[in-house]
Amino acid sequence: MQRNLRIFSFLLIAALVLACAPTLVPASVPAPTFDPNSINTAIVLTAGAAATQTALMMPPSLTPTVTMLPSKTPPPTESPTPTFIFILSTPTVPSSTPTLDTSDSGAQFACRVDSKTPPDDTVFARGADFDAHWLVTNIGKNAWDSNNADYRYNSGDKLHKAPIYDLNKSVSPGRQTDIVVDMKAPDSTGTYTTTWKITSGKNTFCSMKLTIIVK
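What counts as what
- Residues numbered from 1 in each chain as written.
- Predicted model: local features only at pLDDT ≥ 70, side-chain atom pairs only at ≥ 80, totals over all residues.
- Heavy atoms only, no water.
- Salt bridge = Lys/Arg side-chain N within 4 Å of Asp/Glu carboxyl O.
- Buried < 20%, exposed > 50% of the residue type's maximum accessible area, 1.4 Å probe, protein only.
- Phe/Tyr/Trp six-rings, centres within 6.5 Å; stacked < 30°, edge-to-face > 60°.
- Helix = DSSP H or I, 4+ residues; strand = E, 2+ residues; numbered from the N terminus.
- Pairing = 2+ DSSP bridges.
- Axes fitted to C-alpha atoms, helices over the stretch in contact; angles between N-to-C directions.

## Let's talk about the pattern of salt bridges
At step 1: Considering all chains together, one arrives at 5 salt bridges under this definition.
At step 2: Salt-bridge contacts for arginine 152 lead to aspartate 150; the nearest nitrogen and oxygen are separated by 2.8 Å.
At step 3: Judged by relative accessible area, which is 9%, aspartate 150 ranks as buried.

## A look at the packing of aromatic side chains
What describes a pair of aromatic rings is the distance from one ring centre to the other and the angle between the planes of the rings.
At step 1: Overall, the coordinates contain 6 aromatic pairs when judged by the stated rule.
At step 2: Considering the side-chain rings of tyrosine 153 and tryptophan 196, the 6.3 Å spacing of their centres and the 75° angle between planes classify their relative orientation as edge-to-face. A residue pair is termed long-range when its members are at least 10 positions apart, and tyrosine 153 in strand β4 (residues 149-156) and tryptophan 196 in strand β7 (residues 190-200) qualify at 43 residues.
At step 3: A relative accessible area of 0% means that tryptophan 196 is categorised as buried.
At step 4: For the ring pair tyrosine 165 and tryptophan 196, a centre distance of 6.1 Å and an interplane angle of 45° mean the geometry is tilted. Remark: tryptophan 196 occurs in strand β7 and tyrosine 165 occurs in strand β5 (residues 164-166); sequence separation between them is 31 residues.
At step 5: Linked through ring pairs, Tyr151, Tyr153, Tyr165 and Trp196 together constitute an aromatic cluster.

## Here's the deal with the sheet that holds β5
Remark on secondary structure: sheet strands pair via backbone hydrogen bonds, oriented parallel or antiparallel.
At step 1: Pairing within the open sheet is mixed, and its 5 strands lie in the order β2-β8-β7-β4-β5. Both edges of this open sheet fall to β2 (122-124) and β5, since each of them pairs with a single strand only. Strand-to-strand twist across the sheet, computed as the mean angle between neighbouring axes with direction ignored, equals 35°.
At step 2: Relative to β5, β4 runs antiparallel, the two being bridged by 3 bridges. Directly across from aspartate 150, in β5, lies its bridge partner aspartate 166.

Encoded structure:
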């Protein structure tokens, strides 16, 4: 037991001696150096970490969305389309109302031919029967007395069946009457013209002309 006590006392003394002895630094290990930029680096890292944590803590920001309105595109300009004008000749149709010669207007006996049927240059078959009508107005100063007035063939081709007709009524100045002649187309083809006039006593006036074509 005394032996164990001596060993324990020895070990205790050795530990105290080692504890009090100075620690020798090996000469081969260099002393640590201080980096002046390390403080800035630490500050930057700390600030970056703080910014990251702040961004994570903040609610998400609303980013305004810009909606582009449709641009007003002007309609395409239409190229002008050329216009073609065709001028067609219009065949001349014989008028049933011929141009009137009123050179005898104001005379004692005179007329105005207002219309005629058929029109000039009407085509008829050979030997065809037809009636010629002239609507005339008394533009003279005297009446046409049915007792002494008539109308008769005057010149040209003889298309009539009778050469003279009596007026069916008296015609006062300014009044109209219908002159009718029963006719027949010739048996030969060609163009034929006939002229008729009114007579009252010794007065002959009111030339009425008609031209037909026989085919």
